[in-house]
Amino acid sequence: MARFLSGPLASAARHSLLLGAPAPAAGGMETRASCLLFLLLLGISGFFQSYAVEVDVKDASNATCLYAKWMMRFLITYETNSSDYKNTTLHLSSSVTHNGSVCGNDTQAALLAVQFGEGHSWSINFTKTNETYQGDFITFTYNTNDTAVFPDAKRKGPVTIVVKDIMHPVQLNNVFVCHNTDFVEAENVTQIFWNVTVQAFVQNGTISKKESRCRADTPTSAPTVPPTIANVTTAPTTTLSPAPTTAPKPVENPDTGNYSLKSGNKTCLLATVGLQLNVSRDKPLLININPKTTSADGTCGNTTATLKLNDGNSTLISFTFVVKNASASVQKFYLKEVNVTLLNRLNGSVISNADNNNFSKWDAYLGSSYMCRKEQTLEINEDFQVHTFNLWIQPFLVKANKFSTAQECSLDDDSILIPIVVGAALAGLIAIIVVAYIIGRRKSYAGYQTL
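Residues numbered from 1 in each chain as written. Predicted model: local features only at pLDDT ≥ 70, side-chain atom pairs only at ≥ 80, totals over all residues. Heavy atoms only, no water.

Re the pairing of strand S15 (residues 257–263)
Regular strands place their side chains on alternate faces of the sheet. Two elements, S15 and strand S16 (residues 266–279), share 7 bridges in a ladder whose sense is antiparallel. Among the inter-strand pairings, leucine 261 is bridged to a residue of S16, identified as leucine 269. With antiparallel pairing between neighbouring strands as the criterion, S15 and S16 make up a hairpin whose turn holds 2 residues, including glycine 264 at a positive phi of roughly 70 degrees. (Pairing = 2+ DSSP bridges. Helix = DSSP H or I, 4+ residues; strand = E, 2+ residues; numbered from the N terminus.)

Right under this line is the structure:
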């Protein structure tokens, strides 16, 4: 049986997501490194339409042999007929089937498979030993014939992504639980899961009451503050006299990260940049992107390239570059779109999401790179800014894994100071000469009057 949760639980889940609090737990997963199961990047802006799916697989005697309950969503980049790349989000639909799911045994892997929407499907298989079970492969197929999700897609038909799962073994007769979010990235797809309960190879048809919790769900004595986020002073609790507050420490400039993308065995995009986010919706919040915990993904094309950065499952940021005047003999590229999603580290909920697809910045001749060492600011919207430091980017025609000759931004061009200084000095000298002349004339005139 496969069904979506409805009624009070679904309503409560949606209500919790809108508040940024953990949704009613349906279960869990093995740490972030164990990409087995499930996590959901809670909607983009506006309404969050999220469904929880529950699958109860029965054996020949109608006893439960495989059980799972989770939520998931997919972020996909695809090519259009105009050779541009677009980002889209694929949600679970309001009806799901689980055809092909298999109980599994000592010699055969268990398989959890679901189908939804216009020809989309997702599955994971489980293997076991005498004492444990764990995930093996995740297979996801999306159908670009679904024009509602993939308008103007160049490639038509089903596309399949297979990812090796690295879930840590779970004790047999234990149900695996994790309320925190997790994701799997492969090629141009990010699979996002959260609120998961799963038990493979269920014994005696009864879901176990013993839980194996993921490390992310393990409570700590006190919450930690990520070192890249500025401490924000909060108002004191009710007291007889106001408690003194300490001014937040200024956030230092971010460390510079080096990122690259490959097309086959060749590097197709190079980027060096320090990134800082400025979110000012409720309280000013500066967030430095830590290159040590940031992974790069994306796509390269002849006229469009997208660099996607993921900072330890707390920030997702993407930069889209395009070639303008594609038919001209002299072509240039520029930054066209920036998308940022800021996640709550504790429950994976979206703190803020911003997108601007009307940029015309960082332009340089095709075949060269763009450099700007000084700080630049990208205005995403009135509540969101991205600051860049030590930027060096080449999204097209990378050769020998090295940056080509750089076109520098005007902020870095110190040569303009030379004519300004010379002009100012000449203007000052002329002013001195004029003043001296006027004074001399007045003295001469005064001497003539006394004669």
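A few points about the pairing of strand S24 (residues 369–372)
Neither face of S24 is left uncovered, since the one carrying Ser369 and Met371 and the one carrying Tyr370 and Cys372 both have all their residues buried. The pairing of S24 with strand S27 (residues 406–408) spans 3 bridges and is classified as parallel. Looking across to S27, one finds that tyrosine 370 is bridged to glutamine 407. Sheet analysis places S24 next to strand S26 (residues 384–394), joined by 3 bridges and oriented antiparallel. Residue pairing across strands places tyrosine 370 opposite isoleucine 393, the latter belonging to S26. (Buried < 20%, exposed > 50% of the residue type's maximum accessible area, 1.4 Å probe, protein only.)

Some details on the confidence of the model for the protein chain
Summarising the model, the protein chain shows a mean pLDDT of 77, and 72% of its residues fall at 70 or more. Contacts for the low-pLDDT stretch residues 1–49, under 50 throughout, to residues beyond four places or in other chains number 166 contacts. Under a pLDDT of 50 for its full length, residues 220–248 has, in the predicted model, 24 contacts with residues more than four places off or in other chains. (pLDDT = per-residue confidence, 0-100. Contact = heavy atoms within 4.5 Å.)

Looking at the packing of aromatic side chains
Using the criterion set out here, one finds 13 aromatic pairs in the structure. What links up through ring pairs into an aromatic cluster is the set Phe74, Tyr78, Phe116, Phe140, Tyr142 and Phe150. When the ring centre of tyrosine 365 is taken as reference, the NZ or CZ atom of lysine 332 above it lies at 4.8 Å. (Phe/Tyr/Trp six-rings, centres within 6.5 Å; stacked < 30°, edge-to-face > 60°. Lys NZ or Arg CZ within 6 Å of the ring centre and 35° of its normal.)

Some details on the state of the cysteines
By the definition in use, this model includes 3 disulfides. The partner cysteine of cysteine 65 in its disulfide is cysteine 103, sulfur to sulfur 1.9 Å. Taking the sign of the torsion about the S-S bond as the criterion, the disulfide between cysteine 65 and cysteine 103, at about -65 degrees, is left-handed. Taken together, the residues cysteine 65 in strand S3 (residues 64–79) and cysteine 103 in the loop between strand S5 (96–97) and strand S6 (110–116) connect sequence positions 38 residues apart. (Disulfide = S-S within 2.5 Å.)

Some thoughts on the pattern of salt bridges
Summed over all chains, the structure comprises 6 salt bridges. Residues lysine 58 and aspartate 56 are paired through a salt bridge, measuring 3.3 Å at the closest nitrogen-oxygen approach. With a closest N to O distance of 3.2 Å, lysine 332 and aspartate 363 form a salt bridge. Within this pair, whereas lysine 332 is found in strand S21 (residues 332–343), its partner aspartate 363 is found in strand S23 (residues 361–365), the two being separated by 31 residues in sequence. We classify lysine 332 as partly exposed; its relative accessible area is 21%. Among the residues examined, aspartate 363 registers a relative accessible area of 30% and is labelled partly exposed. (Salt bridge = Lys/Arg side-chain N within 4 Å of Asp/Glu carboxyl O.)

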